[in-house]
Amino acid sequence: EEEVIEEPDAIKGQPDVEEEEDEARTFEELGLDPRLIRALNKKEISITEPTPIQRVAIPLILQGKDVVARAKTGSGKTLAYLLPLLQKLFGMTDSSRKKLAPSAFILVPSGELCQQVFKEVSSLIDSCKVQSKAVQLTSNMLASDLRNALAGQPDILVSTPSCVAKSLSAGALKSESINDSLEILVLDEADLLLSFGYEDDLKALTAHVPRRCQCLLMSATSSADVDKLKKLILHNPYVLTLPEVEG
Ligand code: ADP
Ligand code: MG
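Just so you know, these numbers come straight off a predicted model, no measurement behind them.

J.: Could you clarify how one ought to interpret the overall build of the protein chain in this entry?
T.: In terms of regular secondary structure, the protein chain is built from eleven helices and eight strands. Within the span of the protein chain, comprising 247 residues, buried residues form 51% of the whole. If you take every contact in the protein chain between residues at least 6 apart in sequence, the share linking residues at least 24 apart comes to 77%. About 11,600 Å² of surface is accessible on the protein chain, with carbon and sulfur atoms providing 48% of the total.

J.: Help me understand the layout of surface pockets in this model?
T.: One way to see where empty space is left: roll a probe the size of a water molecule over the atoms. Its boundaries defined by the atoms lining it, the largest pocket holds a volume of some 480 Å³. Together, 21 residues line the largest pocket, and T78, L113, Q116, D188 and E189 are the ones closest to its centre. Elements with a contribution of two residues or more to the lining of the largest pocket: helix 4 (77-90), helix 5 (111-128) and helix 9 (190-193). The leading source of residues in the lining of the largest pocket is helix 5, at six residues. Looking at the lining of the largest pocket residue by residue, the classes come out as five nonpolar, nine polar and seven charged.

J.: Is there a simple way to think about the sheet that holds strand 5 (residues 156-159) in this case?
T.: By way of backbone hydrogen bonds, the strands of a sheet pair with one another, either parallel or antiparallel. One open sheet accounts for eight strands, arranged 1-8-2-7-6-3-5-4; its pairing is mixed. Strand pairing shows two members of the sheet lacking a second neighbour, strand 1 (4-6) and strand 4 (134-136), which therefore form its edges. Here the strands of the sheet are splayed against their neighbours by 10° on average, with no regard to which way each runs.

J.: Would you mind going over the pattern of salt bridges with me for this structure?
T.: Side-chain pairing between opposite charges can occur once the charged atoms of the two side chains come close. One pass over the structure, following the stated rule, counts five salt bridges. The closest approach of N and O atoms between D33 and R35, which form a salt bridge, is 2.9 Å. For D33, a relative accessible area of 13% puts it in the buried group. The salt bridge involving K228 is made with E199; its shortest N-O contact spans 3.2 Å. Separated by 29 residues along the polypeptide, K228 in helix 11 (residues 224-233) and E199 in helix 10 (residues 199-206) bring together distant segments of the chain. Looking at K228, the relative accessible area reads 43%, which means it is partly exposed. Taking relative accessible area as the criterion, E199 reaches 23% and is therefore assigned partly exposed. Beyond isolated ion pairs, a larger network of salt bridges with shared partners links E199, K203 and K228.

J.: Any chance you could explain the site of ligand 1 here in plain terms?
T.: With respect to spatial proximity, 14 residues lie near ligand 1, and among them E49, Q54, G74, K77 and T78 are the closest. Within the side chain of Q54, a nitrogen or oxygen atom sits 2.8 Å from a nitrogen atom of ligand 1. Between K77 and ligand 1, the recorded distance is 2.8 Å, taken from a side-chain N or O atom to an oxygen atom. Compared with its free state, where it exposes 570 Å², ligand 1 has 64% of that area covered by protein. A breakdown of the residues in the shell around ligand 1 according to their chemical character gives four nonpolar, seven polar and three charged.

J.: Before we go on, may I ask you to explain the packing of helix 3 (residues 52-62) against helix 4 in this structure?
T.: A pair of packed helices is characterised by two quantities: the angle between their axes and the separation of those axes. Two elements in contact, helix 3 and helix 4, have axes separated by 9 Å at closest approach and are oriented at 25°. As summarised for this structure, helix 3 and helix 4 are arranged roughly parallel, according to the angle between their axes. Pair helix 3 / helix 4 crosses with right-handed handedness. Facing helix 3, whose interface residues are I53, Q54, A57, I58, I61 and L62, helix 4 presents K77, L79, A80, Y81, L83, P84, Q87 and K88.

J.: How should the UniProt feature "short sequence motif: Q motif" (unreviewed entry) in the protein chain be read in this particular structure?
T.: Residues annotated in UniProt with the feature "short sequence motif: Q motif" (unreviewed entry) correspond here to residues 25-55. Secondary structure within residues 25-55 divides into 39% helix and 0% strand; the distance between the first and last C-alpha atoms comes to 7 Å.

J.: So what exactly am I meant to see when it comes to the state of the cysteines here?
T.: When the sulfur atoms of two cysteines share a covalent bond, that bond is a disulfide. Considering all chains together, one arrives at zero disulfides under this definition. Here C163 stays free of any disulfide, with the sulfur of C114 as its closest cysteine sulfur at 7.0 Å. The closest cysteine sulfur to the non-disulfide-bonded C215 is located on C213, 4.4 Å from its own sulfur.

Rules and cut-offs
Sequence order as written defines the numbering, with residues in each chain counted from 1. Note on labels: chains are lettered from A, ligands numbered from 1, in written order. In view of the model being predicted, local features appear only for residues whose pLDDT reaches at least 70, and side-chain atom pairs are presented and counted only at 80 or more, with totals across whole chains, interfaces and linings using the full set of residues. Hydrogen atoms and water are omitted, and side-chain values are computed over all heavy atoms in the structure. Numbering of helices and strands runs from the N terminus; a helix is a DSSP stretch of H or I covering at least four residues, while a strand is a stretch of E covering at least two. Burial classification: accessible surface area is computed with a 1.4 Å probe over protein chains only, and a residue below 20% of its type maximum counts as buried, one above 50% as exposed, and the rest as partly exposed. Contacts: residue pairs with any heavy atoms within 4.5 Å of one another. With residues, only the protein chains shown are counted as cover, and all accessible areas are computed by Shrake-Rupley using a 1.4 Å probe. Residues are said to line a cavity or pocket when one of their atoms sits within 4 Å of a point; the points come from a 1 Å grid over protein atoms alone, cavities being sets where a 1.4 Å probe fits but cannot get out and pockets being open sets with protein on both sides within 12 Å along at least five of seven lines. Grid points are joined across faces, edges and corners, and a volume is the space filled by probe spheres set on the points. Amino acids outside the nonpolar list (Ala, Val, Leu, Ile, Met, Phe, Trp, Tyr, Cys, Pro) and the charged list (Asp, Glu, Lys, Arg) are all regarded as polar, and Gly is one of them. Pairing between two strands requires that DSSP report at least two bridges joining them. Lines are fitted to the C-alpha atoms to define the axes, a helix being fitted only along its stretch in contact, and any angle between axes, read from their N-to-C directions, falls within 0 to 180 degrees. Whenever Lys or Arg places a side-chain nitrogen within 4 Å of a carboxyl oxygen from Asp or Glu, that contact is recorded as a salt bridge. Whether a residue is near a molecule or strand depends on its heavy atoms: if one lies within 4 Å, it is near. In the analysis that follows, any N or O atom pair within 3.5 Å is treated as a polar contact, provided that within protein one partner can donate a hydrogen and the other can accept it, and provided that, for residues neighboring in sequence, both atoms belong to side chains. Here the angle decides the label: under 35 degrees means roughly parallel, over 145 means roughly antiparallel, 65 to 115 means roughly perpendicular, and every other value means oblique. Throughout, a crossing is termed right-handed when the near helix is turned clockwise from the far one, and left-handed when it is turned anticlockwise from it by less than a right angle. UniProt positions are given in the numbering used here, feature names are shortened, and annotations may be inferred rather than shown by experiment. Our working definition of a disulfide is a cysteine sulfur pair at a distance within 2.5 Å.

See below:
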């Protein structure tokens, strides 16, 4: 089975961008910020070389493309979206503007995964010594906790779709603010989001996602649910399917 990269209809037939990127073997060659590369090297288990999905996804995400990434569990999909997401936020210098909602939402299907991703993103931010701030929302939070968590103007929100929907109905997140502020939306483990019953919660959010927002969908399988989410949220995405996708 071969790696498949489906280009959006709009650019089919244009010179290959991905062939070049395929040859990049290091994070430097992918265009990653030196602060992030140093942070990866400093990890308990040092990360020095990108995985195949990271090699293909990182440059496309840095370029602002919508991406669907399908690759098996354990192939490094978290860093494939976190690294370029953080790099883009580092570069958003418009700090004079008061942000009423986070610039990036990372939505996951469980509280456990939320905790994992939050830990990873927080450790990268600490390691890079940048001003970016991440928060996670958890299902035990009351309306007042949600308001407090979001009042500190975080740049990155890690949450299940249900905690986002709850924040919207509690007024902790305002739909107009999401429309003003949101730049990147990630759906991680997208294959599980619908089967875990988050469809209505997701729709409560996606109604307010602005057209300019870059959307990324990560999944271990290619299921009908993934296709449905892709149609609901993404705009003409690159679809990356690496060998050994489950299902
Ligand atoms: P997936 O989301 O595809 O299931 P994860 O993002 O959870 O995979 O990554 C699985 C493991 O691989 C994690 O422990 C992560 O730290 C590690 N990992 C990620 N990228 C690399 C890399 N480039 N080199 C070595 N290990 C990596
Ligand atoms: Mg994952």
